[in-house]
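# Topology and contacts: notes
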Amino acid sequence: MSNGARPPIEGAARLELVDGVALLHPQDAVFEAMLSGFAKQQRGGRRLTAKTVAGRDGQLRRFAKFTNEYPWQWTASHMDEWMVSLISEKGLAHSTLRSYQLTVRLFCDFLVSSAYEWAAECEKRFGTHPVQICHEWNTVQHLTDYEGQGERRPFTREELQKFFDYCDDRIDVAARSRRKGALAAYRDATLFKVLYGWGLRRNEGCKLDLVDFHRNAAAPELGRYGMLQVRWGKATKGSPPKRRNVATVMPWAAEAVEDYVINIRPRFGAPDHPALWLTERGGRLQPREVNDRFTTYRHAIGLPPELTPHSLRHSHVTHQIEDGVDPRFVQDQVGHRYASTTAIYTAVSGDFMNTMMRKALDRAFERDADLGGTG
C-alpha cells in the first residue's frame, strides 16, 4: 500500500465489515462479524477442524445469551456468574468448564489484538471496546493429566484375567461353530491386549499401522515388536497429534500381536491396507466398534459398568507401578503431558530409560516363567 499501512489479515474488522455502510442493527451485525472473523482466524491461522470451530461458536453464543450483553460490554463478573451457573445448575465437569473458559479467553484475545482492529471498530461505533475477561484468578487451572469421571478405574488383576480369558473363549466358540465372526473375535481379543500391554488410548490403538512396530536394540529378543511408535497420541486443541515411542515391557503381548499379524490378519483379505486392525470389509476398525465389543464382553461376564476400554490403559499404569517399575518411566511410556506429571522426570537420561525398560522386561519374563505365560 502506498501509505505504508499494513493490509488487514484474515478475520480483521475491515474485512468483515464494509466501511462507511450504515447497519440496520449495528450491535447484532458487529457481533456476527466478530464471530465470523474469529472462525476464519481459527480455521486459517490455527488450522482447527470445522467441528472445533463450530463448537466454540456455540459456546460463545451461549455465553452472550447468558450475559445478555455484547462482547464489548463483557466483564470478568460475567464470567464469574456464568461459571457459578454452569456448576450449580448443570454440574459440568472440571474439564468442560476449563474448555468453555479457554474459548472465551481466545475470543477475547482475538478481539483485543490490534492486528484485527476490533477494539478500534468498537470505539468508533459504540464508544467502548472489548477487554480480556479471563484471568488466572477467575478461571480453572489444568493441574492434572486426568480429569475424567471419578468412578472410572483400572481393572483388578483378577478382573483383567477374567476379561482376557473370555476374549479367548469367544474365539474358540466362534471357531467351533464355524461362524464368520471368528476372525473379528481374534482381532478384538488381540487389540484389547495391545491397549493394556502398551498402555494405549482407544483411538491410539485403532490408528495403529503394521509399520508402527519396530525393533529395540535394548531388547533384541522381542524381534520387530520391541518398540511401538504411537503416531496419533492425544493432541491439545490446535495442535497436531503427539507422537511417542513406547517400549515393549510385556513380552506375552508382543507374542499375541505377532501371532495375529502372521496367522490372522492376512485372512481379512486386504494385504495392501496399512492398518493393523481390519474389518471384514477390508476397512480400518473404528473406536465405536471397539466400544461395542468391549461392552458386550463386559456385560456377558458381569464386570461393573465403570470399566471401559480406557480402563485397560489405566490398568497398564497401575499394574506396572504395583510391580515396582519406576513411575517416571511409566508416565513417559503413556505420554502424560502436563507439567504436574512430567516435571518429575525432566532430568531422566536415555540410559536411565533403557535401564528401567530392561528391568521391566526382566521382571515380566520372570513372571511369565513362574505363571507359565499370560494372555
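Summary of the structure given here. For clarity, every value in this text was computed on a predicted model and none was experimentally measured. (Residues numbered from 1 in each chain as written. Predicted model: local features only at pLDDT ≥ 70, side-chain atom pairs only at ≥ 80, totals over all residues. Heavy atoms only, no water.)

## Digging into the nonpolar core
For clarity, the threshold we go by: Working definition of a nonpolar core: buried Ala, Val, Leu, Ile, Met, Phe, Trp, Tyr and Cys residues. They are joined through side-chain atoms within 4.5 Å. Burial here depends on accessible area, computed with a 1.4 Å probe over protein chains only, as a share of the maximum for the residue type. Under 20% is buried, over 50% is exposed, and the range in between is partly exposed. Counting from the N terminus, the helices are DSSP H or I runs at least four residues long and the strands are E runs at least two residues long.
If you look at the biggest cluster of nonpolar residues, it comprises 61 residues, and the most contacted ones within it are Phe163, Phe192 and Trp198. Sort the elements by how many residues they give to this core and helix α8 (residues 182–197) lands first, with 8 residues. Counting residues in each nonpolar core, the second largest holds 31 residues, with Ala12, Met34, Leu106 and Phe107 among its members.

## Observations concerning the sheet that holds strand β2 (residues 227–233)
Definition in use: One bridge is not enough; two strands pair if DSSP finds at least two bridges between them.
Pairing within the open sheet is antiparallel, and its 3 strands lie in the order β1-β2-β3. Every interior strand has two partners, whereas the edge strands, β1 (213–214) and β3 (242–247), have only one.

## Focus on the pairing of β2
Where burial is concerned, most of β2 is hidden: 5 out of the 7 residues are buried. In terms of strand pairing, β1 meets β2 through 2 bridges, oriented antiparallel. The residue bridging His214 from the neighbouring strand is Met227, located in β2. Pairing between β2 and β3: 5 bridges, direction antiparallel. Within the sheet, the bridge partner assigned to Gln229 lies in β3 and is Asn245.

## Some thoughts on the environment of Gly324
As for its position among the elements, Gly324 is in the loop between α12 (309–322) and α13 (327–334). In the structure, Gly324 is positioned 39 residues away from Arg363 in sequence and 9.3 Å away in space, judged by C-alpha atoms.

## Topic: the pattern of salt bridges
Opposite charge on two side chains makes pairing possible when the charged atoms of those side chains draw close. For clarity, the cut-off: By convention in these notes, a salt bridge is any Lys or Arg side-chain nitrogen within 4 Å of a carboxyl oxygen on Asp or Glu.
All told, the structure shown has 17 salt bridges when counted by the stated rule. Residue Arg153 is joined to Glu159 by a salt bridge in which the shortest nitrogen-to-oxygen separation is 2.9 Å. A relative accessible area of 14% places Glu159 in the buried class. Residue Arg231 is joined to Asp212 by a salt bridge in which the shortest nitrogen-to-oxygen separation is 2.7 Å. On the criterion of sequence distance, the pair formed by Arg231 in strand β2 and Asp212 in the loop between α9 (202–206) and β1 is long-range, its members being 19 residues apart. Taken as a pair, Arg231 and Asp212 share a single burial class, namely buried. Each of Asp209, Asp212, Arg231 and Arg284 takes part in one network of salt bridges that share partners.

## Observations concerning the environment of Leu222
Rules: A contact between two residues is defined here by any heavy atoms of the two lying within 4.5 Å.
Tracing the backbone through its elements, the reader meets Leu222 in the loop between β1 and β2. Residues in contact with Leu222, not counting those within four places in the same chain, are Thr248, Pro251, Leu361 and Phe365.

## As for the packing of helix α3 (residues 50–67) against helix α5 (residues 94–112)
For clarity, the cut-off: To get an axis, a line is fitted to the C-alpha atoms, and for a helix only the part in contact is used. The angle between two axes follows their N-to-C directions and goes from 0 to 180 degrees. If an angle is under 35 degrees, it is roughly parallel; if it is over 145, roughly antiparallel; if it lies from 65 to 115, roughly perpendicular; otherwise it is oblique. Note on residue categories: nonpolar means Ala, Val, Leu, Ile, Met, Phe, Trp, Tyr, Cys or Pro, charged means Asp, Glu, Lys or Arg, and polar means any other residue, Gly included.
Running from amino to carboxyl end, α3 crosses α5 at an angle of 85 degrees, the nearest separation of the two axes being 10 Å. Regarding the angle of α3 to α5, the classification is roughly perpendicular. Contact residues: α3 offers Arg56, Gln59, Leu60, Arg62 and Phe63, while α5 offers Ser99, Tyr100, Leu102, Thr103, Val104, Leu106 and Phe107. Grouping the constituent residues of the contact of α3 with α5 by class yields 7 nonpolar, 3 polar and 2 charged.

## Focus: the packing of aromatic side chains
Short version of the rule: Between the rings of Phe, Tyr and Trp (Trp by its six-membered ring), a pair exists once the centres lie within 6.5 Å; its type follows the angle of the planes, with under 30 degrees stacked, over 60 edge-to-face, and the other angles tilted.
Under the criterion given, the structure shown has 26 aromatic pairs. Summarising the aromatic geometry, the rings of Tyr166 and Tyr297 are spaced 5.3 Å apart at their centres and angled 80 degrees between planes, so their arrangement reads as edge-to-face. Note that Tyr166 is positioned in helix α7 (residues 157–176) and Tyr297 in helix α11 (residues 287–300), a separation of 131 residues in sequence. Residue Tyr297 is classed as buried on the basis of its relative accessible area of 3%. Judged by centre distance (5.0 Å) and plane angle (35 degrees), the rings of Tyr260 and Trp277 are tilted. Of this pair, Tyr260 sits in helix α10 (residues 251–264) while Trp277 sits in the loop between α10 and α11, and the two are 17 residues apart along the sequence. Given the relative accessible area of 0%, Tyr260 is considered buried.

## Describing the packing of helix α4 (residues 76–88) against α5
The test is simple: Each crossing gets its handedness from the near helix: less than a right angle anticlockwise from the far helix is left-handed, clockwise is right-handed.
In contact at an axis separation of 11 Å, α4 and α5 are set at 155 degrees when each is read in the N-to-C sense. In terms of orientation, α4 lies roughly antiparallel with respect to α5. The two elements α4 and α5 meet at a crossing, and its hand is right-handed. Contact residues: Met79, Trp82, Met83, Leu86 and Ile87 in α4; Leu97, Tyr100, Gln101 and Val104 in α5. Broken down by class, the residue content of the contact of α4 with α5 amounts to 8 nonpolar, 1 polar and no charged.

## A look at α8
The condition is simple: Expected helix span is given by 1.5 Å per residue-to-residue step, counting one fewer step than there are residues.
With 16 residues, α8 should cover 22 Å at 1.5 Å per step; its first-to-last C-alpha distance of 22 Å lies within 8% of that length. Burial analysis of α8 places 15 of its 16 residues in the buried class, the great majority of the element. Among the residues trailing α8, Gly199 stands out with phi positive, at a value near 65 degrees.

## Here's the deal with unusual backbone geometry
With a phi angle near 60 degrees, Asn68 is a residue other than glycine that sits in the positive phi range. Structurally, Asn68 can be placed in the loop between α3 and α4. In this model, Glu117 sits at a positive phi of 70 degrees, which is unusual for a non-glycine residue. Within the secondary structure, Glu117 is located in the loop between α5 and α6 (118–126).

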